[in-house]
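# Report on the structure
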Amino acid sequence: MRLVVDTNVLLSALMSAASPSARILALWRNRKFDLLTSAEQPEEIARVTRYPKIRARLPPALAGRLVNRPSRRRHHHQRAATRHGFPRS
């Protein structure tokens with residue numbers, strides 16, 4: 001199964017381990033689905049994680065990994081979506 005996860009859902013999951021978004025991220029970490037993303041999503045994550053409200057809740061190192069970590073499994077899928085190598089842990 002493949003899913004597209006909105007940036008807000010992804011960031012919410014990383015900021016709150018008890019959130020419904022975190023449960024979605026846990027399923028992905030347990031390889032229950034492939035995470036798809038648009039080519040623009042890493043840029044959006046870079047922009048949003050610079051917001052003061054987000055920076056206060058999300059460790060900079062984790063935000064940097066989301067944006068900068070190269071993906072070995074990144075493939076184009078359909079038009080704008082690609083499999084993405086967000087850190088599973």
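Scroll up for the structure.
So, here is what we can say about the structure in this document. Computed from a predicted structure; not experimentally measured.

The next thing to look at is the overall build of the chain. Along the backbone of the chain there are five helices and four strands. Counting helices and strands in the order they occur from the N terminus, the chain gives β-α-α-β-α-α-α-β-β. The proportion of buried residues among the 89 residues of the chain is 39%. When contacts within the chain are restricted to residue pairs at least 6 apart in sequence, long-range pairs at least 24 apart make up 61% of them. Surface accessibility of the chain: about 5,900 Å² in total, with carbon and sulfur atoms responsible for 52%.

A separate point is the nonpolar core. Grouped together as the largest cluster of nonpolar side chains are 18 residues, with contacts concentrated most on Leu10, Leu11, Leu14, Leu25, Leu58 and Leu66. Among the secondary structure elements, those contributing two or more residues to this core are α1 (7–15), α2 (20–29), α3 (41–48) and α5 (60–68). Here the element with the most residues in this core is α1; it accounts for five residues. Other than its neighbours up to four places away in sequence, Leu14 contacts Leu25, Arg29, Leu58, Leu62 and Leu66.

In this model, the second largest pocket occupies a volume close to 170 Å³. For the second largest pocket, the lining is made up of 10 residues, of which Thr49, Arg50, Arg55, Pro60 and Ala63 are closest to its centre. For the lining of the second largest pocket, the class distribution of residues is five nonpolar, three polar and two charged.

Conventions adopted
- Note on numbering: residues in each chain are counted from 1, in written sequence order.
- In view of the model being predicted, local features appear only for residues whose pLDDT reaches at least 70, and side-chain atom pairs are presented and counted only at 80 or more, with totals across whole chains, interfaces and linings using the full set of residues.
- To get the side-chain values, all heavy atoms of the structure are used, and hydrogens and water are removed first.
- Each helix is a run of H or I in the DSSP string that is no shorter than four residues. Each strand is a run of E no shorter than two, and both are numbered from the N terminus.
- When a residue's accessible area, from a 1.4 Å probe over protein chains only, is under 20% of the maximum for its type it is buried; when over 50% it is exposed; and in between it is partly exposed.
- Residue contacts are counted whenever heavy atoms from the two residues lie within 4.5 Å of one another.
- Note on areas: Shrake-Rupley with a 1.4 Å probe; residue coverage comes only from the protein chains shown.
- Only buried residues count toward a nonpolar core. Its members are Ala, Val, Leu, Ile, Met, Phe, Trp, Tyr and Cys residues joined through side-chain atoms within 4.5 Å.
- Cavity and pocket criteria rest on a 1 Å grid covering protein atoms alone: a 1.4 Å probe that fits but cannot get out defines a cavity, protein on both sides within 12 Å along at least 5 of 7 lines defines an open pocket, and an atom within 4 Å of a point defines a lining residue.
- Grid points are joined across faces, edges and corners, and a volume is the space filled by probe spheres set on the points.
- Each residue is assigned to one of three groups, with Ala, Val, Leu, Ile, Met, Phe, Trp, Tyr, Cys and Pro labelled nonpolar, Asp, Glu, Lys and Arg labelled charged, and all others, Gly among them, labelled polar.

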